[in-house]
Amino acid sequence: MDPLAAHPHEADIQSLVRLANVHNVMLVTNPCTAHSMIEMLRLALENGRKDLFPSFFLTLESPSVAAYQAAQKQVLLEKSGVEGKPSDKLRIEQLESQLETLTSKLGAFLKL
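Residues numbered from 1 in each chain as written. Predicted model: local features only at pLDDT ≥ 70, side-chain atom pairs only at ≥ 80, totals over all residues. Heavy atoms only, no water.

Student: Just to check I follow, could you spell out the overall build of the protein for this structure?
Tutor: For the protein, the count of helices and strands is five helices and zero strands. Secondary structure elements of the protein, listed N to C terminal, follow the sequence α-α-α-α-α. Per-residue burial for the protein yields a buried fraction of 9% across its 112 residues. Taking the contacts inside the protein whose residues are at least 6 apart along the sequence as the reference set, 40% of them involve residues at least 24 apart. (Helix = DSSP H or I, 4+ residues; strand = E, 2+ residues; numbered from the N terminus. Buried < 20%, exposed > 50% of the residue type's maximum accessible area, 1.4 Å probe, protein only. Contact = heavy atoms within 4.5 Å.)

Here it is in structure tokens:
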């Protein structure tokens, strides 16, 4: 199979890459990158250099998650209209609260 040719499942591949980026999953796509990642993790663990991967060792939170949540909040506001009815604003606040709760539960789950 030619790695440079188009794949019929390209959309699936791109979706997995996006999910890995959003959820801060280390993703290596070839042997060279895998060897580099393993070596960096080994060095971080052996030398106590958790600062090399702070989101992996310390917080398990990706900076892209906050940006994603802000973008989603903006979409909710645009779709509902800032001058919407009070009930619309209340619903947005409820959805934002649910999103924050789910995000914190996901963070707690990932720390297990």
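Student: Looking at this structure, how should I read a nonpolar patch on the surface?
Tutor: On the surface, a cluster of nonpolar side chains totalling about 280 Å² of accessible area is made up of L106, F109 and L110. The topology assignment puts L106 in helix α5 (residues 86–111). The class of L106 is partly exposed, set by a relative accessible area of 36%. (Patch = residues over 30% accessible without salt bridge, like charges linked within 9 Å, V, L, I, M, F, W, Y side chains within 5 Å. Areas by Shrake-Rupley, 256 points an atom, 1.4 Å probe, with all protein chains shown as cover. Salt bridge = Lys/Arg side-chain N within 4 Å of Asp/Glu carboxyl O.)

Student: Hey, could you run me through the pattern of salt bridges in this one?
Tutor: Opposite charge on two side chains lets them pair, provided their charged atoms get close. Applying the stated criterion across every chain, the model contains three salt bridges. We note a salt bridge from R42 to E46, for which the minimum N-O separation is 2.5 Å. Here the residue R42 and the residue E46 both occupy positions in helix α2 (residues 31–46), the gap between them amounting to four residues, near one helical turn. Judged by relative accessible area, R42 falls into the partly exposed class, the value being 36%.

Student: Where do I start with α2 in this structure?
Tutor: A turn of α-helix holds 3.6 residues, and therefore any two residues three or four places apart point the same way. In this model α2 runs 22 Å from its N-terminal to its C-terminal C-alpha over 16 residues, within 8% of the 22 Å that 1.5 Å per residue would give. Residue N30 occupies the N-cap position of α2, its side-chain oxygen lying 3.2 Å from the main-chain nitrogen of C32. Of the residues one or two after α2, G48 is the one with positive phi, at around 65 degrees. (Expected span 1.5 Å × (residues − 1). Polar contact = N/O pair within 3.5 Å; in protein donor to acceptor, adjacent residues only side chain to side chain.)

Student: Help me understand the environment of L45 in this model?
Tutor: Mapped onto the fold, L45 is located in helix α2. Counting along the chain gives twelve residues from L45 to F57, while the straight-line C-alpha distance between them is 9.4 Å.

Student: Would you explain the confidence of the model for the protein in this entry?
Tutor: Low-confidence regions, as indicated by low pLDDT, have predicted coordinates that should not be scrutinised in detail. Mean pLDDT over the protein works out to 79, with 85% of the residues at or above the 70 mark. Across the protein, the element-wise mean pLDDT spans from 71 in helix α3 (residues 54–59) up to 89 in α2. (pLDDT = per-residue confidence, 0-100.)

Student: Help me understand helix α1 (residues 10–22) in this model?
Tutor: If you check α1, its first and last C-alpha atoms are 18 Å apart, about what 13 residues at 1.5 Å a residue would give, namely 18 Å. Positive phi shows up at N24, right after α1, with a value of about 60 degrees.

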